[in-house]
Amino acid sequence: MPGAVPGHMLWSTLQAWNPSYLSGLEVWLDASAIEGVAAGGTVSTWDDVSTNGYAFTSSNSAPTLQLNVFNGYPVVRFDGVDDSVENAADATDVANFSIFAAFIPQATAGNFFISEKGTGTSVNWYLWYNGALQAGFHNGVGFDDHTSAVTLSSGVGVVWAYVLDDANNLLRMIPNSTEDSTDETNSAVTTGSQIVNIASGRDDANFTEVDVAEMLIYSRALSTDETILVLDYLSHKYGVST
């Protein structure tokens, strides 16, 4: 187990802390909380373990549960062909939100990782990584792309944070607890009737080959200290260097 992160909490302390201690937790998907699915079995429903209890289901092919993949923890594996899950939860029907994910990219040609669609094929925003494995954010307003300078590695786990603070026109992309991008202009998103898709795009296409261990969505822009808390929790749990 990793020890201390300088200036932050020991893992022994983090084990007693969980993301629900921060207000605004809308969605908490944790592969280790999936019950009743054997190794390699299909995950037809991925239940949210926040107090909201959303159920993410597949309208295409269901992903599978793989055990002992990410620092000893299970992942939900999306094949990049037709696997995805979604929920019409209005989980981010707000102008400010924070998303955290512990995942392993498994392909050199990325597409949509997490996307939010409005009506029909219109897109409100999406998180993605491109063919160069650079993660980014697309806001759907003015169709701005904000791409990280940090390159991911296929088969290597990462902990990533996106914090959108529309009130201050600020987008923060933080890979592995290292600040990467701030003060992005025109980073606002369109709110409204929404569906959160994981591993696919707005039109049941652009599927992404990815292993997802855990994902958190907060309905507000977390502060710097709060963001560090969540990143420390995920980084220590999944053994990602910070």
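Read on for a plain summary of the structure. None of these values were measured; they are calculated from a predicted model.

1. Some remarks on the packing of aromatic side chains
Summed over all chains, the structure comprises six aromatic pairs. Ring geometry for Trp17 versus Tyr21: centroids 6.2 Å apart, planes at 85 degrees, classification edge-to-face. We classify Trp17 as buried; its relative accessible area is 12%. Centre to centre, the rings of Phe70 and Tyr238 are 4.9 Å apart; their planes meet at 40 degrees, and the pair counts as tilted. Taken as a pair, Phe70 in strand E4 (residues 64-70) and Tyr238 in helix H2 (residues 224-238) lie far apart in primary sequence, 168 residues in all. For the pair Phe70 and Tyr238, one class covers both residues: buried.

2. As for H2
Since one α-helical turn is 3.6 residues long, residues separated by three or four positions face the same way. With 15 residues, H2 should cover 21 Å at 1.5 Å per step; its first-to-last C-alpha distance of 21 Å lies within 8% of that length. Just downstream of H2, Gly239 is the residue with a positive phi angle, here 65 degrees.

3. Points about the pattern of salt bridges
Applying the stated criterion across every chain yields a total of four salt bridges. Note that Asp30 is salt-bridged to Lys237, the shortest N-O span being 3.2 Å. Here Lys237 lies in helix H2 and Asp30 lies in strand E1 (residues 25-30), a separation of 207 residues in the sequence. Each member of the pair, Asp30 as well as Lys237, is classed as buried. Among the ionic contacts, a cluster of salt bridges with common partners joins Asp30, Glu214 and Lys237.

4. A word on the nonpolar core
Counting 38 residues, the largest nonpolar core has Trp46, Phe56, Phe78, Phe103, Phe137 and Met215 as its most contacted members. Not counting chain neighbours up to four residues away, the residues in contact with Phe78 comprise Trp46, Pro63, Asp83, Ser84, Val85, Ile198, Ala199, Thr208, Glu209, Val210 and Val212. Residues Val159, Leu222, Val230 and Tyr233 belong to the second largest nonpolar core, which totals 22 residues.

5. Some remarks on the pairing of E4
In the case of a regular strand, side chains alternate between the two sheet surfaces. The pairing of E4 with strand E5 (residues 73-79) spans four bridges and is antiparallel. Within E5, the position partnered with Phe70 by the bridge is Tyr73. Hairpin connection from E4 to E5: two residues lie between these consecutive antiparallel strands, with Asn71 at a positive phi of about 55 degrees.

6. Regarding the environment of Gln66
Along the chain, the position of Gln66 falls in strand E4. C-alpha of Gln66 to C-alpha of Val76: the two residues are 10 residues apart in sequence and 6.3 Å apart in space. Residues contacting Gln66, with those up to four places away along its chain left out, are Gly40, Pro74, Val75 and Arg77. At a separation of 2.9 Å, a polar atom in the side chain of Gln66 contacts the side chain of Thr64.

7. Quick word on the environment of Thr51
With respect to the element layout, Thr51 can be found in the loop between strand E2 (45-47) and strand E3 (55-57). Along the backbone, Thr51 and Ser20 are 31 residues apart, and their C-alpha atoms lie at a distance of 8.7 Å.

8. A few points about the environment of Phe137
Following the sequence through the fold, Phe137 ends up in strand E10 (residues 134-138). Assessed through its relative accessible area of 1%, Phe137 is described here as buried. Sequence spacing of Phe137 and Leu164 is 27 residues, and the spatial spacing of their C-alpha atoms is 9.9 Å.

9. A closer look at the side chain of Asp83
Of note, Asp83 is situated in the loop between E5 and strand E6 (85-87). Of the polar contacts made by the side chain of Asp83, one reaches the side chain of Ser61; its length is 3.1 Å. Side-chain polar atoms of Asp83 contact the backbone nitrogen of Asp79, separated by 3.1 Å. Discounting residues that sit within four places of it in the chain, Asp83 has contacts with Ser61, Ala62, Pro63, Arg77, Phe78, Ala199 and Phe207.

So, how was this worked out
- Residues numbered from 1 in each chain as written.
- Predicted model: local features only at pLDDT ≥ 70, side-chain atom pairs only at ≥ 80, totals over all residues.
- Heavy atoms only, no water.
- Phe/Tyr/Trp six-rings, centres within 6.5 Å; stacked < 30°, edge-to-face > 60°.
- Buried < 20%, exposed > 50% of the residue type's maximum accessible area, 1.4 Å probe, protein only.
- Helix = DSSP H or I, 4+ residues; strand = E, 2+ residues; numbered from the N terminus.
- Expected span 1.5 Å × (residues − 1).
- Salt bridge = Lys/Arg side-chain N within 4 Å of Asp/Glu carboxyl O.
- Core = buried A, V, L, I, M, F, W, Y, C linked by side-chain atoms within 4.5 Å.
- Contact = heavy atoms within 4.5 Å.
- Pairing = 2+ DSSP bridges.
- Polar contact = N/O pair within 3.5 Å; in protein donor to acceptor, adjacent residues only side chain to side chain.

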